[in-house]
Amino acid sequence: MTRLRKLAKAAFSAGIMVGATVTSANAEWQAIDKVETYPVRGSTGAELYASIGENGPKLGIARTIAHTSFRLTWKRDYQTRGTDCVLASAVPTLVITTVLPKPAVPLSGPLQQSWQTFIDGVTAHERVHGDHIKAMVKEIEKATIGLAEPNDPQCRKIREKMQPVLGEISRAERQKQREFDQVEFANGGNVQRLILALVNGP
């Protein structure tokens, strides 16, 4: 159980790489969701989970079951109005990449059913991380579009003014991700139940 617990605590994370596409300042953008997989092998749930521990994506020195990361870039339109500078629009491009385990060979029977329950739960967990990232981008839009800085005809001071705003929104997003994982990984939490059901299954 100690090894399972250690791997479980490192199992899910929301990284810092994402994606979305917007056509105009006021258009509803859509994130680009990508899924990548890594192979796992085993003839039992316990063997599959052990393979996850050996082959899962690395975050620092720990391996994870799954990982959601994002890449976020912006096309911002700064406009000079008199001597003031205004951020007239900001169009995000957000790409969210989720890495999930996938059996290297097809499973069958009860093991396939057990695996499907596990991977469906993992995917749902990672989807919440992605939703948090999308919410962060919307918060950035809300906090920055229309922002104005007086006496800034070169639109330099406004960029400096935005940095602490962006930093605070980013910190809030990371905290939300941590709090979500704390609930999921708690004793009796969703992640622990998923892992134990797989390991103790067929």
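Look above for the structure.
Bear in mind the structure is a predicted one, so any value in this text is a computation, not a measurement. (Residues numbered from 1 in each chain as written. Predicted model: local features only at pLDDT ≥ 70, side-chain atom pairs only at ≥ 80, totals over all residues. Heavy atoms only, no water.)

Draft legend 1. Helix α4 (residues 157-185), seen in detail. Given a rise of 1.5 Å per residue, 29 residues ought to cover 42 Å, and the 43 Å separating the end C-alpha atoms of α4 matches this to within 8%. Burial in α4 covers these residues: I158, M162, L166, I169, E173, Q177, F180, D181, E184 and F185. (Helix = DSSP H or I, 4+ residues; strand = E, 2+ residues; numbered from the N terminus. Expected span 1.5 Å × (residues − 1). Buried < 20%, exposed > 50% of the residue type's maximum accessible area, 1.4 Å probe, protein only.)

Draft legend 2. Structural context of the packing of aromatic side chains. For the coordinates displayed, the defined rule picks out 1 aromatic pair. Taking 5.4 Å as the distance between ring centres and 45° as the angle between the ring planes, the aromatic pair formed by W115 and F118 counts as tilted. Taken as a pair, W115 and F118 lie in helix α3 (residues 109-144) at a separation of 3 residues, close to a single helical turn. Residue W115 is classed as buried on the basis of its relative accessible area, which comes to 3%. (Phe/Tyr/Trp six-rings, centres within 6.5 Å; stacked < 30°, edge-to-face > 60°.)

Draft legend 3. Spatial organisation of the pairing of strand β6 (residues 66-81). Where β6 meets strand β7 (residues 84-103), 15 bridges bridge the pair, whose relative direction is antiparallel. From the neighbouring strand, Y78 faces β7, where its bridge partner is L87. If you look at the hairpin formed by β6 and β7, you'll find 2 residues sitting between the two strands, and G82 has a positive phi there, around 70°. (Pairing = 2+ DSSP bridges.)

Draft legend 4. The nonpolar core, seen in detail. Counting 21 residues, the largest nonpolar core has Y49, I52, I65, W115, F118, V122 and I195 as its most contacted members. Counting residues in hydrophobic clusters, the runner-up holds 19 residues, among them A31, C85, V137 and C155. (Core = buried A, V, L, I, M, F, W, Y, C linked by side-chain atoms within 4.5 Å.)

Draft legend 5. Representation of the state of the cysteines in the model. Within the structure shown, the criterion is met by 1 disulfide. Sulfur-sulfur distance for the disulfide between C85 and C155 comes to 2.1 Å. Handedness here is read from the sign of the S-S torsion; for C85 and C155, about 105°, the answer is right-handed. With C85 in strand β7 and C155 in the loop between β8 (148-149) and α4, this residue pair connects regions lying 70 residues apart in the sequence. (Disulfide = S-S within 2.5 Å.)

Draft legend 6. Highlighting unusual backbone geometry. Even without being a glycine, N151 presents a positive backbone phi close to 50°. Among the secondary structure elements, N151 is positioned in the loop between β8 and α4. What makes N151 exposed here is its relative accessible area of 54%. We note that C155 has phi near 55°; this positive angle belongs to a residue other than glycine. A relative accessible area of 5% means that C155 is categorised as buried.

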